[in-house]
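Each chain is listed here by its residues.
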Amino acid sequence: MKRKKIVCLLLSGLLTMGLVSGCGSSSSDEGGDAKNETKTEDTKKDDAAKEEASGDKITLRMAWWGSQTRHDATNKVIEMYEEQNPNVDIEAEFYDFDSYFTKLDTLVAAEDPWDIIQMGGNFPKYENSIEYLDSYIEDGTIDVSDTTDAFLKTTQNNNGDQVGISVGTNTYGIAYDPAMFEEAGVPEPTDDWTWDEWKDACLKITEELGVYGSSKMDNFIAGVTQRVSQAEKDANFFNMEGTGLAWDDPEPIADYFAMIQELTEAGAYPDAGAIKEIKDIENDYLVTGDAAMTWVASNQINSIVNAAGREIKVAPVPRMEKDGAYGMIVQSSQMLCVSKTSEYKQEAAKFINYFVNDIEANKVLNGERGVPIMTEVRETVKAQADDSSKMIYDFVDKIGNFPVENSNVISPEPKTEIEDYDKLLIEKVQYGEMTPEEAADDLLEFAKGKF
Amino acid sequence: MFLPASFTLGESMKDGNDMEKQRNFKKFLYSNNTAGYVFSLPFIVGFLGFTLIPILVSMYYSVTDYKLGQEANFIGLQNYLDLFADERFMNSMKVTVIYVVISVPVKLAFALLVAYFLTKQRRGVTFYRSLYYVPSLIGGSVAVALVWKTIFSRRGLANAILAGLGLDKISWLGDPKTAMGILIAMSAWQFGSSMIIFAAGLKEIPTTYYEAADIDGANKFQRFVKITLPCLSPIILYNLVMQTISAFMSFTQAFVITQGGPNDSTNFYALYVYNHAFKWSNMGYASAMSWIMLIIISALTLIIFKTSKFWVFSESDS
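Note that the structure is a prediction, hence the values are computed from the model and not measured.

(A) Seen up close, the overall build of chain B. Across its full length, chain B carries 15 helices and 0 strands. Here chain B holds 318 residues, and the buried ones make up 27% of them.

(B) Molecular detail of the overall build of chain A. Scanning chain A from terminus to terminus reveals 20 helices and 12 strands. For chain A, buried positions account for 43% of its 451 residues. Look at the contacts in chain A between residues 6 or more apart in sequence, and 73% of them connect residues 24 or more apart.

(C) Geometry of the environment of A:Glu445. All names here are of chain A. Along the chain, the position of Glu 445 falls in helix α20 (residues 436-449). Under the C-beta neighbour-count criterion, Glu 445 is labelled exposed, with 11 such atoms within 10 Å. When the C-alpha atoms of Glu 445 and Tyr 132 are compared, they prove to be 34 Å apart, with 313 residues separating the residues in sequence.

(D) Local environment of the sheet that holds strand β9 (residues 291-297) of chain A. Residues and elements named next belong to chain A. Ordered by their spatial adjacency, 4 strands build an open sheet running β8-β9-β7-β10, and the pairing between neighbours is mixed. Sheet topology places β8 (212-214) and β10 (313-315) at the edges, where each strand pairs with a single neighbour. In this sheet, neighbouring strand axes are inclined to one another by 30° on average, regardless of whether the strands run parallel or antiparallel.

(E) Spotlight on the domain arrangement of chain A. Residues and elements named next belong to chain A. As far as domains go, chain A holds domain 1 (57-169 + 332-400) and domain 2 (172-328 + 414-449). Between the C-alpha centres of domain 1 and domain 2 the distance comes to 28 Å. Taken residue by residue, the interface counts 17 residues in domain 1 and 18 residues in domain 2. When residues in the side of domain 1 that touches domain 2 are grouped by element, the largest group, 7 residues, is from helix α18 (residues 387-400). Across the side of domain 1 that touches domain 2, the residue classes break down as 6 nonpolar, 9 polar and 2 charged.

(F) Inspection of the interface of chain A and chain B at higher detail. Contacts between chain A and chain B engage 27 residues on the former and 29 residues on the latter. For the side of chain A that touches chain B, the secondary structure elements donating two or more residues are α1 (2-23), α5 (97-109), α12 (272-276) and α19 (415-430) of chain A. The leading source of residues in the side of chain A that touches chain B is α1(A), at 9 residues. Per-class residue counts for the side of chain A that touches chain B are 11 nonpolar, 6 polar and 10 charged.

(G) Quick look at helix α9 (residues 176-189) of chain B. With 14 residues, α9(B) should reach 20 Å at 1.5 Å per residue; the first-to-last C-alpha distance of 20 Å fits that figure. Of the residues making up α9(B), those classed as buried are B:Pro176, B:Ala179, B:Ile182, B:Leu183, B:Ile184, B:Met186 and B:Ser187. For α9(B), the secondary structure elements touched by its buried residues are α12 of chain A together with α5 (87-118), α7 (142-151), α12 (220-248) and α13 (252-258) of chain B.

(H) Seen up close, the pairing of strand β3 (residues 116-119) of chain A. Residues and elements named next belong to chain A. Taking every second residue as pointing to the same face, both faces of β3 are buried, with Ile 116 and Gln 118 on one and Ile 117 and Met 119 on the other. Summarising the sheet, strand β1 (residues 58-65) and β3 pair through 2 bridges and their orientation is parallel. The residue bridging Met 62 from the neighbouring strand is Ile 116, located in β3. One ladder, built from 4 bridges, connects β3 with strand β12 (residues 335-339); its direction is antiparallel.

(I) Inspection of the packing of helix α3 (residues 32-61) of chain B against helix α15 (residues 283-311) of chain B at higher detail. Residue and element names in this part refer to chain B. Interaxial distance between α3 and α15 falls to 8 Å at its minimum, and their mutual angle equals 115°. Here α15 runs roughly perpendicular to α3, going by the angle between their axes. In this structure, α3 crosses over α15, and the sense of that crossing is left-handed. Mapping the contact onto sequence places Ser 58, Met 59 and Tyr 61 in α3 and Met 283, Gly 284, Ser 287, Ser 290 and Trp 291 in α15. Split into classes, the residues belonging to the contact of α3 with α15 amount to 4 nonpolar, 4 polar and no charged.

(J) How the structure looks around the environment of B:Leu173. Among the structural elements, B:Leu173 can be located in the loop between α8 (157-164) and α9. Residue B:Leu173 is classed as buried on the basis of its 27 C-beta neighbours within 10 Å. Along the sequence, B:Leu173 and B:Ile257 sit 84 residues apart, while their C-alpha atoms lie 8.1 Å from each other. Ignoring any residue separated from it by four or fewer positions in sequence, one finds B:Leu173 in contact with A:Gly273, A:Lys276, A:Glu277, B:Phe152, B:Ala179 and B:Thr258.

Cut-offs and rules
Residues numbered from 1 in each chain as written. Chains lettered and ligands numbered in written order. Predicted model: local features only at pLDDT ≥ 70, side-chain atom pairs only at ≥ 80, totals over all residues. Helix = DSSP H or I, 4+ residues; strand = E, 2+ residues; numbered from the N terminus. Buried ≥ 20, exposed ≤ 12 C-beta atoms within 10 Å, placed from the backbone. Contact = placed C-beta atoms within 7 Å. Pairing = 2+ DSSP bridges. Axes fitted to C-alpha atoms, helices over the stretch in contact; angles between N-to-C directions. Domains from an automatic or database assignment. Nonpolar A, V, L, I, M, F, W, Y, C, P; charged D, E, K, R; others polar. Expected span 1.5 Å × (residues − 1). Parallel < 35°, antiparallel > 145°, perpendicular 65-115°, else oblique. Left-handed = near helix turned anticlockwise from the far one by under 90°.

Written out as structure tokens, the structure reads:
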């Protein structure tokens, strides 16, 4: 009896301990101890095993967002790296865009983000958790001899600190189906087409073919940030310091709201319900043949073309005036950063160096994240490009050759909330609950209130 | 078992005082209270770590401007004041109340109806009962919500049926009214757990009541209203309270199917809290919202209990 009781006591005690240690994050000390223990075990047992275990196996955590193509390619590259560096074990996690940042937010709050973080233009919000890479570039861990200062600058903050290394550059455009344009008797877009032409094309296509003229647009870029830079050359919606707005004229924003409303009413632009049905770029209405155009980031062109299985072309974003400003530059689509709390910053930087510089790795990655910034890598990837990938390089080159403008591509911290509010306002205008003018005023007021 | 016992015996014989101590310790160790506490320790730790402490922390955050990854500054009741000036908050409150007021009665009525038929002595009744319970088992899952979303998509099953009947397609998820309707229908479809409880309650009603009513010439409807409903009322109360609470907290359907849209028409309270907390990092604001939710649900539950004495029948009273 007694023994039974003691056993019960022990068991419940153990359970409790398990529960307690289960909640706590596994601190580095614990992990280290456990490893040392296994090491001594191994030493006794077997010499060969000792060789491996004594190499201090380190674990790097890495995460990214993206499509299936990206997950497959990145996992492959991680495997290749682990093969070459048997002491490094990389734990990969991947998400869609929204979940990625939700997860990152919670990890940042717990001060335990991944060692290697994929990051976009919204880095200011996370800058406190990011290790600047300048010293790793100086000591040669990350080799940047094959790229230019201009490319490095795409992933620097306002003080010139190297926040991360760009793993590809991109820009935005309008992907379209030339066959549908021809069938509807609409001329194909030109490099200097205007929003009026875009709108007319949408309406005409819907009238002739009964499909949406345009699928989902990025209404915050097209309707707010880029639009402001188009309305006035070198103007920006967010100021360069990321501390507030640099714009207060509601008119161009209101015009965009009005245009979307008109198209929705005519059935040329999907309503709020139809928009929510688009899960990812591979299921876009342009791909399924339900729309003739869609908003696209240049590195997504490949996915769209492959998913559509028919000819898709890409045109620049329309302008407000034929000879007006374009309002958009070639930017870093995403970068890899090292977290400040990482135990193995040096190793993380080494992996980033491999990721951006290694030719074999980039043959696998195939520029899916954007046009590579390293010259030799870029040439290699270009050489193996199929037609749709060639289109990406040509397109990014074309936009890169537009006259230089002073566009801000860095998003300040409250950008997500302002963007979501913009989405809501679009719906309010679509359902006639607000006039475009009211919505534009409301957006500016809301955005100002967030700083 | 024998050896250790004799060992302790020998030890204690050496020193009486020591024996006394040991006995006291054993008394403590083997007392019912100690065993009780030890066995409930896992729960107590879980309750403190995952429930009580987070609740207290959220109470603190609700009076700060805490954003994820930043310092928390005390700002008093500012969050609460801001909330009542927030149109989206008011709207989310409104749509949540609409959802609760419609979905809970519909679900309970449906559950009672099915339970009523499934308590009849027929062949395969248990099988059907399990079958109807299945949707509730998988109810909260994302997978079901995705299926539901696909059914009502532009080219989904619902529109295919409409087209088959020669009717026009409907943008189910694009119209604020139908979007809400879809969510309510999905909730009503998950009537299983209430149904099981109703079924158990129906079996408890003594058949003698029905026999007596039969002799007096009561018809089926009269029997249902005069016997079944009063006898079942304590169980209706239980189901009503539980379903109201869970309806107030519903999140998955709106998050997966409509994402709060269109035009915020399904922006449920829990979804709005989630967006503020995890999407826009406004933890302080979201905490304040959660506290208001707690107060609302508590108050409502209290009201339901207070009114229960007017409609819940208990045998001891009669």
